[in-house]
Amino acid sequence: MSGCVFCGIVAGEVPAFRVADEPDGVAFLDTRPVFKGHVLVVPRTHLVTLDELPADALPGYFRLVQRLAVAVETGLGAGGTFVAMNNRVSQSVAHLHTHVVPRTKGDGLRGFFWPRTRYTDDAEAHRYADRIAGAAPATG
């Protein structure tokens, strides 16, 4: 897509520090990393959100994300990784991308990047669970 920086990286028109370039996607260093070695994995096709990724592309794309999570740990000697994806809200580039962030014990990140909350009671939690389950697309 014209004007999309990630499409430009996939096409080789925008420079990036690539770590993988495969049929299922391209991975490169984030230019504003949470920690050094923070990788972004993107599908080759311009898609904005996860729901736009075709079902037949899911296995290959997430295998690539999985392999990069292992590579970040192994290659950097990290204790683990944080793997995350935003859909629309907080998506700094409107192209589907998955963050693979190296983690080490004591690195300063505490769980997620946002404040946590609680359900008032089990009944409220059940209402939320039911609303989500009722809206979930059927499988198969």
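So, how was this worked out
- Residues numbered from 1 in each chain as written.
- Predicted model: local features only at pLDDT ≥ 70, side-chain atom pairs only at ≥ 80, totals over all residues.
- Heavy atoms only, no water.
- 1 Å grid on protein atoms, 1.4 Å probe; cavity = no way out; pocket = protein on both sides within 12 Å on 5 of 7 lines; lining within 4 Å.
- Points joined across faces, edges and corners; volume = space filled by probe spheres on them.
- Helix = DSSP H or I, 4+ residues; strand = E, 2+ residues; numbered from the N terminus.
- Nonpolar A, V, L, I, M, F, W, Y, C, P; charged D, E, K, R; others polar.
- Contact = heavy atoms within 4.5 Å.
- Buried < 20%, exposed > 50% of the residue type's maximum accessible area, 1.4 Å probe, protein only.
- Polar contact = N/O pair within 3.5 Å; in protein donor to acceptor, adjacent residues only side chain to side chain.
- Phe/Tyr/Trp six-rings, centres within 6.5 Å; stacked < 30°, edge-to-face > 60°.

> Could you give me a rundown of the layout of surface pockets, with the residues and numbers involved?
Reported here for the largest pocket is a volume of approximately 550 Å³. Around the largest pocket sit 28 residues that line it, and Asp30, Leu40, Ser92, His97 and His99 are the ones nearest its centre. Elements that contribute at least two residues to the lining of the largest pocket include exactly helix H1 (5-11), strand E2 (25-29), strand E4 (80-84) and strand E5 (98-103). The biggest single contributor to the lining of the largest pocket is H1, with three residues. Partitioned by chemical class, the residues of the lining of the largest pocket number 18 nonpolar, eight polar and two charged.

> Just give me the short version of the environment of valine 14, but keep the residues and values in it.
Tracing the chain through its elements places valine 14 in the loop between H1 and strand E1 (18-22). Through-space distance from the C-alpha of valine 14 to that of cysteine 4 is 10.0 Å; in sequence the pair is 10 residues apart. Residues in contact with valine 14, not counting those within four places in the same chain, are Val5, Gly8 and Ile9.

> Describe the side chain of histidine 38, listing the residues and the values that go with them.
Looking at the secondary structure, you find histidine 38 in the loop between E2 and strand E3 (39-42). Taking the relative accessible area as the measure of exposure, histidine 38 reaches 3% and is therefore buried. For histidine 38, the side chain forms a polar contact with the side chain of histidine 99, separated by 2.8 Å. Leave out the neighbours within four places in its chain, and histidine 38 touches Phe28, Leu29, Asp30, Pro33, His99, Val100, Val101 and Pro102.

> I'd like to hear about the packing of aromatic side chains, residue by residue, with values.
Scanning the entire structure with this criterion turns up three aromatic pairs. With a centroid separation of 5.2 Å and an interplanar angle of 85 degrees, the aromatic rings of tyrosine 61 and phenylalanine 62 are classed as edge-to-face. Classification of tyrosine 61 by relative accessible area gives buried; the value is 1%. Residues tyrosine 119 and tyrosine 128 carry aromatic rings whose centres are separated by 5.6 Å and whose planes lie at 55 degrees to one another, so their mutual orientation is tilted.

> Describe the environment of leucine 29, naming the residues involved and giving the relevant values.
Along the chain, leucine 29 turns up in strand E2. Taking the C-alpha atoms as reference points, leucine 29 and proline 43, separated by 14 residues in sequence, lie 15 Å from one another.

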